[in-house]
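Coordinates in review
One letter stands for each residue in the lines below.
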Amino acid sequence: MTGIYIHVPFCLRKCSYCDFYSVKFSEESAEAYTSAVIRNLRRYAPSADSVYFGGGTPTLLSPAQIGRILNEIELSDNAEISMECNPKTADREKFAEYKSAGINRVSVGVQSLIDRELSAVGRLHDRAEAVHCIEDISAAGIYNISADIMLGLPFQTAETLTETINGLLRLPICHISAYMLTVEEGTPLSADNSLLENIPDEDGLADLYLLTCDILENAGFKRYEISNFAKRGAECRHNLKYWQCDDYIGIGPAAHSCYKGKRFAVPRDIIAFIENEIQQEIITDDEPLTEEERIMLALRLSEGISPQDYSCGEQLISRAEPLVKAGFLKKTDGRIALTDKGALVSNDIIVRLIE
């Protein structure tokens, strides 16, 4: 079935590292945006087994607005309905209302449990608020909880990262996403030398990633994708659609889609999205999901690929051998997959296999 991604482009304040599309929140804009989302969903009349509210800060929409949006989607009985959350924007009562509206999975933007690191990149919350947020979600009856963390934050060390991960492991979560900080040109962080000089270098970042893999693996969180770790059965089913080349529809400014053999994107323009009867969709690839792309996406997953499933299978096997010996790939039951070491340089490894 199809997945639905809904980009909610509102924030209370933009973090210094963020290059995602977002605008300042107002109740008037949020209501106009909600109506535009509903118009576009009616155009597709979708049936879906996953819905993902990303952003931005989806928890700036009210539970009633979320419910109105979900009412426009024909959902399967076991649909996964996820919402990203900023710890500063919701409490136990609001999460209970989101659950009543249909939300059954929440991804909390923790990023760190070290107040100095949070402050350095402009996060609105502190450690205590992040912890209370996760506890509130669980108390509201939503048990599929994920936490986002960032690797390579200013002032981050192996010790502070370990403190963050161990702190999260004491909370009722079943999934962790660990993203490496990228300093995007034009963001406030990119112009702050006092912070840039305190960001771990490339080797330090690699060490932080391998440390993350080690701690989480020992705690029962399997790395099922380069940046994603989960307890058994808690993998994000919506995000798996991206890597398994399933159809998904993106609604909202800056949303992307891969649907019925086309990739397309919506312009980063909230005003145009609200004012137009239907969202503008710009074709970015009219022949996606080539064999090379399928290999590239599948190799992001820990299960890897079976070379015999591809026309270039013999070439894949031949090129994989030296990478296996070097510790970047592993072979198990005829499948080829990235090791943790290989995941660090996944783009280079994949290029060597399929170029």
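An account of the accompanying structure is given in this report. Remember, it's a predicted structure, so these values are computed and weren't measured experimentally. (Residues numbered from 1 in each chain as written. Predicted model: local features only at pLDDT ≥ 70, side-chain atom pairs only at ≥ 80, totals over all residues. Heavy atoms only, no water.)

So, the overall build of the chain
Tallying secondary structure elements over the chain gives 14 helices and 16 strands in all. Taking 355 residues into account, the globule formula puts the C-alpha radius of gyration at 20 Å, and the chain, at 20 Å, falls close to it. Structurally, the chain occupies a C-alpha span of about 60 × 45 × 40 Å along its principal axes. Looking at the chain as a whole, 53% of its 355 residues qualify as buried. Expressed as a percentage of contacts within the chain between residues at least 6 apart in sequence, the contacts between residues at least 24 apart total 70%. Looking at the chain as shown, the accessible area adds up to about 16100 Å², and 47% of this sits on carbon and sulfur atoms. Distance between charge centroids for the chain: 3 Å, based on 35 positive and 54 negative side chains. (Helix = DSSP H or I, 4+ residues; strand = E, 2+ residues; numbered from the N terminus. Rg over C-alpha atoms; globule rule 2.2 N^0.38 Å. Buried < 20%, exposed > 50% of the residue type's maximum accessible area, 1.4 Å probe, protein only. Contact = heavy atoms within 4.5 Å. Areas by Shrake-Rupley, 256 points an atom, 1.4 Å probe, with all protein chains shown as cover. Lys, Arg positive; Asp, Glu negative; His and termini not counted. Charge placed at Lys NZ, Arg CZ, Asp CG, Glu CD.)

Some details on helix α11 (residues 291–298)
What α11 keeps buried is the set Glu-293, Ile-295, Leu-297 and Ala-298. Against α9 (237–243), β13 (262–265), β14 (282–285), α12 (313–325) and α14 (346–354) lie the buried residues of α11.

A short note on the packing of helix α2 (residues 63–70) against helix α3 (residues 92–101)
The geometry of α2 relative to α3 is characterised by a closest axis approach of 9 Å and an angle of 15° between their N-to-C directions. One finds that α2 runs roughly parallel with respect to α3. Considering how the two elements wind past one another, α2 and α3 form a crossing that is right-handed. Packed against α2, whose contacting residues are Pro-63, Ile-66, Gly-67 and Leu-70, the element α3 presents Lys-94, Glu-97, Tyr-98 and Ala-101 at the interface. Residues that form the contact of α2 with α3 fall into these classes: five nonpolar, one polar and two charged. (Axes fitted to C-alpha atoms, helices over the stretch in contact; angles between N-to-C directions. Parallel < 35°, antiparallel > 145°, perpendicular 65-115°, else oblique. Left-handed = near helix turned anticlockwise from the far one by under 90°. Nonpolar A, V, L, I, M, F, W, Y, C, P; charged D, E, K, R; others polar.)

Side note on the environment of Ile-38
As for its position among the elements, Ile-38 is in helix α1 (residues 27–44). The exposure class assigned to Ile-38 is buried, which follows from its relative accessible area of 9%. A sequence separation of 30 residues divides Ile-38 from Arg-68, and the C-alpha atoms of the two residues are 7.8 Å apart.

So, the nonpolar core
Within the largest apolar cluster, 83 residues are counted, with the highest numbers of intra-cluster contacts made by Ile-6, Tyr-33, Phe-53, Phe-95, Ile-103 and Leu-168. Looking at this core, the element that brings in the most residues is α1, giving seven residues. If we ignore the near neighbours within four places in the chain, the residues touching Leu-168 are Val-110, Leu-113, Ile-134, Ala-147, Ile-149, Ile-173 and Ile-176. Listed in part, the 16 residues of the second largest apolar core include Leu-240, Trp-243, Ala-255 and Leu-289. (Core = buried A, V, L, I, M, F, W, Y, C linked by side-chain atoms within 4.5 Å.)

What about the side chain of Glu-84?
Inspection of the secondary structure assignment puts Glu-84 in strand β5 (residues 74–85). One buried charge, Glu-84, has no salt-bridge partner; the nearest side chain with opposite charge is Arg-105, at 7.7 Å. Beyond its immediate stretch of four places on either side in the chain, Glu-84 contacts Tyr-52, Phe-53, Gly-54, Gly-55, Gly-56, Pro-58, Thr-59 and Ser-107. (Salt bridge = Lys/Arg side-chain N within 4 Å of Asp/Glu carboxyl O.)

Quick notes on the side chain of Thr-164
With respect to the secondary-structure elements, Thr-164 resides in helix α6 (residues 158–169). Non-local contacts of Thr-164, meaning those with residues more than four positions away in its chain, are made with Ser-112, Leu-113, Ile-114 and Ile-149.

Considerations on the pattern of salt bridges
If you walk through the whole model with that rule in mind, you get eleven salt bridges. Linking Arg-127 and Glu-163 is a salt bridge whose minimum nitrogen-to-oxygen distance equals 3.2 Å. Placement of Arg-127 in helix α5 (residues 127–139) and of Glu-163 in helix α6 is noted, with a sequence separation of 36 residues between them. Using a relative accessible area of 24% as the deciding quantity, one classes Arg-127 as partly exposed. Taking relative accessible area as the criterion, Glu-163 reaches 40% and is therefore assigned partly exposed.

Some points on the packing of aromatic side chains
Describing an aromatic ring pair means giving the distance of the ring centres and the angle of the ring planes. Evaluation of the coordinates by the stated rule reveals seven aromatic pairs. Taking the centre distance of 5.7 Å and the plane angle of 40° together, the rings of Tyr-33 and Phe-273 count as tilted. In this pair, Tyr-33 is assigned in helix α1 and Phe-273 in helix α10 (residues 270–275), connecting sequence segments 240 residues apart. The pair Tyr-33 / Phe-273 is uniform in exposure class, with both members buried. With centroids separated by 6.3 Å and ring planes inclined at 55°, the aromatic side chains of Phe-95 and Tyr-98 adopt a geometry described as tilted. Here Tyr-98 and Phe-95 lie together in helix α3, a separation of three residues that amounts to about one turn. For the residue pair Phe-95 and Tyr-98, the accessibility class agrees, reading buried in each case. By the ring-pair criterion, three or more aromatic residues cluster together here, those being Phe-10, Phe-25, Tyr-33 and Phe-273. (Phe/Tyr/Trp six-rings, centres within 6.5 Å; stacked < 30°, edge-to-face > 60°.)

A look at α6
When the terminal C-alpha atoms of α6 are compared, their 16 Å separation across twelve residues agrees well with the 16 Å that a helix rising 1.5 Å per residue should span. The complete set of buried residues in α6 reads Thr-160, Leu-161, Thr-164, Ile-165, Gly-167 and Leu-168. Along α6, the residues classed as buried sweep out an arc of 160° about the axis, all on the same side. Looking at the buried side of α6, the elements it contacts are β6 (105–111), α4 (115–120), α5, β7 (144–151), β8 (175–180) and α8 (202–218). (Expected span 1.5 Å × (residues − 1). Arc of directions from axis to C-beta.)

Brief notes about the pairing of strand β4 (residues 47–55)
Each regular strand carries side chains that alternate between the two faces of the sheet. Among the nine residues of β4, eight are classified as buried, and the element is accordingly described as predominantly covered. As defined by bridge partners, strand β1 (residues 2–8) adjoins β4 across seven bridges and the pair is classed as parallel. In the strand pairing of β4, Ile-4 is matched with Val-51. As for the winding sense of the linkage, the β-α-β connection from β4 through α2 to β5 is right-handed. (Pairing = 2+ DSSP bridges. Right-handed = clockwise from strand over helix to strand, strands pointing away.)

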